[in-house]
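# An overview of the molecular structure
One letter stands for each residue in the lines below.
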Amino acid sequence: KLDKANTLVWGNYPTSGVIAVTILWYNRLTKTILEFDIVFDTDYAWGDATTTANVMDLQNIATHEVGHGAGLGDVYQSVAYRETMYGYSSTGETSKRDLYIGDKTGITKLYEAA
């Protein structure tokens, strides 16, 4: 809910196959992000995939979701599989804990001075 706080929680997200979701509120006129909340789906086991291989890596998924909170969208082209904003992930994946080339380009374009 829009409450002037960015909130990250675990919850039972109703859509099958969704690992996490970011809800974003923004002002359409000013294009200002007001707030975002992230829900990590409890249908998955979570943890640090560098120590437990069969879990969703929290840092990996959180980095992707915070990208949405900053205004980036998912990319689904298979050639973009290394991008943090690639729309798919799997248990044990840690390669998207930081930004890749397209992610850096996208965030720079969103926030560079006009």
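Right above here is the structure, for reference.
Quick look at the structure, then.

To continue, consider the sheet that holds strand 3 (residues 32–41). The sheet built from 3 strands is open, its strands ordered 1-3-2 with mixed pairing. Where the open sheet ends on each side, the last strands, each with one partner, are strand 1 (7–11) and strand 2 (20–27). Each neighbouring strand pair of the sheet contributes to a mean axis angle of 20°, computed without reference to strand direction. Where strand 1 lies against strand 3, 5 bridges are found, and the strand directions are parallel. Across the sheet, the residue bridging to Val9 is Val39, located in strand 3.

Within the structure shown, the criterion is met by 5 aromatic pairs. Their ring planes at 35° and their centres at 5.2 Å tell us that Trp10 and Phe40 sit as a pair that is tilted. One end of the pair, Trp10, is in strand 1; the other, Phe40, is in strand 3, and 30 residues separate them in sequence. For Trp10, a relative accessible area of 45% puts it in the partly exposed group. With relative accessibility at 1%, the residue Phe40 sits in the buried group. Following the ring pairs from residue to residue traces out a cluster consisting of Trp10, Phe40 and Trp46.

The biggest cluster of nonpolar side chains holds 9 residues, and these are Ile19, Ala20, Phe36, Ile38, Phe40, Trp46, Met56, Ile61 and Ala62. Sorting the residues of this core by element identifies strand 3 and helix 1 (58–69) as the ones contributing at least two each. Among the elements that make up this core, the one with the highest residue count is strand 3 (3 residues). When residues no more than four places from it in sequence are discounted, the contact partners of Trp46 are Trp10, Ile19, Phe40, Asp41, Val55, Met56, Asp57, Leu58 and Ile61.

In this section: the environment of Ser90. Along the chain, the position of Ser90 falls in the loop between helix 1 and helix 2 (101–111). Counting along the chain gives 29 residues from Ser90 to Ile61, while the straight-line C-alpha distance between them is 9.6 Å.

The next point concerns the pattern of salt bridges. Inspection of every chain in the model, using the stated rule, returns 3 salt bridges. Put simply, Arg97 and Asp57 hold a salt bridge, and the shortest N to O gap is 2.6 Å. Placement of Arg97 in the loop between helix 1 and helix 2 and of Asp57 in strand 5 (residues 56–57) is noted, with a sequence separation of 40 residues between them. For Asp57, a relative accessible area of 1% gives the class buried. Put simply, Lys96 and Glu93 hold a salt bridge, and the shortest N to O gap is 2.6 Å. Pair check on accessibility: Lys96 and Glu93 agree, each one buried. Beyond isolated ion pairs, a larger network of salt bridges with shared partners links Asp48, Asp57 and Arg97.

Reading the values: the criteria
- Residues numbered from 1 in each chain as written.
- Predicted model: local features only at pLDDT ≥ 70, side-chain atom pairs only at ≥ 80, totals over all residues.
- Heavy atoms only, no water.
- Pairing = 2+ DSSP bridges.
- Helix = DSSP H or I, 4+ residues; strand = E, 2+ residues; numbered from the N terminus.
- Axes fitted to C-alpha atoms, helices over the stretch in contact; angles between N-to-C directions.
- Phe/Tyr/Trp six-rings, centres within 6.5 Å; stacked < 30°, edge-to-face > 60°.
- Buried < 20%, exposed > 50% of the residue type's maximum accessible area, 1.4 Å probe, protein only.
- Core = buried A, V, L, I, M, F, W, Y, C linked by side-chain atoms within 4.5 Å.
- Contact = heavy atoms within 4.5 Å.
- Salt bridge = Lys/Arg side-chain N within 4 Å of Asp/Glu carboxyl O.

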